[in-house]
Amino acid sequence: MNVSKSGYRVFSANSTAACIELAKKITERLGVELGKSVVYQESNGETRVDVKESVRGQDIFIIQTIPRDVNTAIMELLVMAYALKTSCAKNIIGVIPYFPYSKQCKMRKRGSIVCKLLASMLAKAGLTHIITMDLHQKEIQGFFSCPVDNLRASPFLIQYIQEEIPDYRNAVIVAKSPSAAKRAQSYAERLRLGLAVIHGEAHGSEADMADGRQSPPAMRTTTGHTGLELPLMMAKEKPPITVVGDVGGRIAIIVDDIIDNVEDFVAAAELLKERGAYKIYIMATHGLLSAEAPTRIEESAIDEVVVTNTVPHELQKLQCPKIKTVDVSMILAEAIRRIHNGESMAYLFRNIAVDD
């Protein structure tokens, strides 16, 4: 396709080699060249963006993969979006395969819903549409004042299971916590496999965190009328960790949307080994793999970790050969093509149920 006649441009909001890799794969599939721009940090740490070609009246797609420095990546995206807005781009579509701060989408005591703040910042900077993949909570789409297409990586991961895991028919899909059971059930039903759930969560997990703002003190020191006597909420008591379902003599495939701190996954793998599973696979969309994650995976009972290339993790793969990558540039490129041509996105969501 001739770039000058295509009516749209594709830019990368980061100039580093690791982050630009996905952008190059997408543009190769689209048959266009990557837009000419320079993104860099000044000596004082400020982000600067220079767009090297005209974007007037064009549909502009900004691809931003999130490296370890999350906050810098966000500023790069905001500054580039605003630069394109002031350069009279017709539409500015953000392609953000992994949406950062997506775990901070609920109120925690006196904290804040940072994900909502980020959605407002992106819209204010000039983004008119968002393409992302496997949001941590689907309700995050409601934070945006612009359309959001939340694509799914599960077709690619299911294909990997069918083609790369020998004897996958002898596997069982495992949810590492009850909260992940819906996702695991979706995989199990599509692969016609059994389902197991690990019950009994580790202390300090996301589910343990108190929800809401606990402002009123438990004991009042003032005298006089104290108001209504509300019933006391009983504290939760975690049951002993156990596996609900049969994994003996089978391949265990743990599925989740994000793998970052791998302690829960390592503990789950050890438990599954004790219950008789002879191979442990982990399937996740976003492989953040922070801190010592690659080393812990290498030393654990986990046989293989399969993630997509929504987040750059080449360094982690060098540290741990167990980490494998599935390319999702195909569906991102097709989403870009359909949005630019005004075609329906329904084809990309075929057979996707509300609970998926």
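Here the structure is a predicted model, which means the values were calculated and not measured.

> Go over the side chain of Asp-256, please, and point to the residues and values.
As for its placement among the helices and strands, Asp-256 is situated in strand β11 (residues 251–259). Apart from residues no more than four positions distant in its own chain, Asp-256 is found in contact with Lys-176, Arg-183, Phe-265, Met-283, Ala-284 and Thr-285.

> For helix α3 (residues 114–125), give the residues involved together with the corresponding values.
The first and last C-alpha atoms of α3 sit 16 Å apart over 12 residues, in line with the 16 Å expected at 1.5 Å per residue. As for α3, its buried residues are in contact with α2 (70–86), β5 (91–96) and β6 (129–133). Downstream of α3 by one or two residues, Gly-126 has phi in the positive range, about 130°.

> Go over the packing of aromatic side chains, please, and point to the residues and values.
In this description, a pair of aromatic rings is defined by centroid distance and the angle of the planes. Going through the model one piece at a time under the given rule, you end up with 2 aromatic pairs. Here the aromatic rings of Tyr-8 and Phe-61 are separated by 5.9 Å at their centres, their planes lie at 85°, and the arrangement is edge-to-face. Of this pair, Tyr-8 sits in strand β1 (residues 8–12) while Phe-61 sits in strand β4 (residues 59–63); the two residues are 53 residues apart in sequence, bridging distant segments of the chain. For Tyr-8, a relative accessible area of 4% translates into the label buried. Residue Phe-61 is classed as buried on the basis of its relative accessible area, which comes to 0%. Sitting over the face of the ring of Phe-265, Lys-176 holds its NZ or CZ atom 5.0 Å from the ring centroid. Directly above the ring of Tyr-347 sits Arg-350, whose terminal nitrogen or CZ lies 4.1 Å from the centroid.

> Run through the sheet that holds strand β7 (residues 148–151), naming residues and quoting values.
Overall, parallel pairing links the 5 strands, which are arranged β1-β4-β5-β6-β7 in an open sheet. Strands at the two margins of the open sheet, each flanked by one partner only, are β1 and β7. Each strand of the sheet is rotated relative to its neighbour by a mean of 15°, with strand direction disregarded. Taken together, the 4 bridges between β5 and β6 define a ladder with parallel strand orientation. Within the sheet, the bridge partner assigned to Val-95 lies in β6 and is Ile-131. The sheet contacts of α2 involve β1, β4 and β5, and relative to β4 the element is tilted by about 170°.

> So what's going on with the pairing of β5? Which residues, and what values?
Judged by how many residues are buried, β5 sits mostly within the fold: 5 of 6 residues are covered. Alignment of β4 against β5, held across 5 bridges, turns out to be parallel. Bridged to Asp-59 within β5 is Asn-91. The parallel pair β4 and β5 is bridged by α2, and the resulting crossover is right-handed. One crossover worth recording links β5 to the parallel β6 by way of α3, and it is right-handed.

Rules behind the numbers
Residues numbered from 1 in each chain as written. Predicted model: local features only at pLDDT ≥ 70, side-chain atom pairs only at ≥ 80, totals over all residues. Heavy atoms only, no water. Helix = DSSP H or I, 4+ residues; strand = E, 2+ residues; numbered from the N terminus. Contact = heavy atoms within 4.5 Å. Expected span 1.5 Å × (residues − 1). Phe/Tyr/Trp six-rings, centres within 6.5 Å; stacked < 30°, edge-to-face > 60°. Buried < 20%, exposed > 50% of the residue type's maximum accessible area, 1.4 Å probe, protein only. Lys NZ or Arg CZ within 6 Å of the ring centre and 35° of its normal. Pairing = 2+ DSSP bridges. Axes fitted to C-alpha atoms, helices over the stretch in contact; angles between N-to-C directions. Right-handed = clockwise from strand over helix to strand, strands pointing away.

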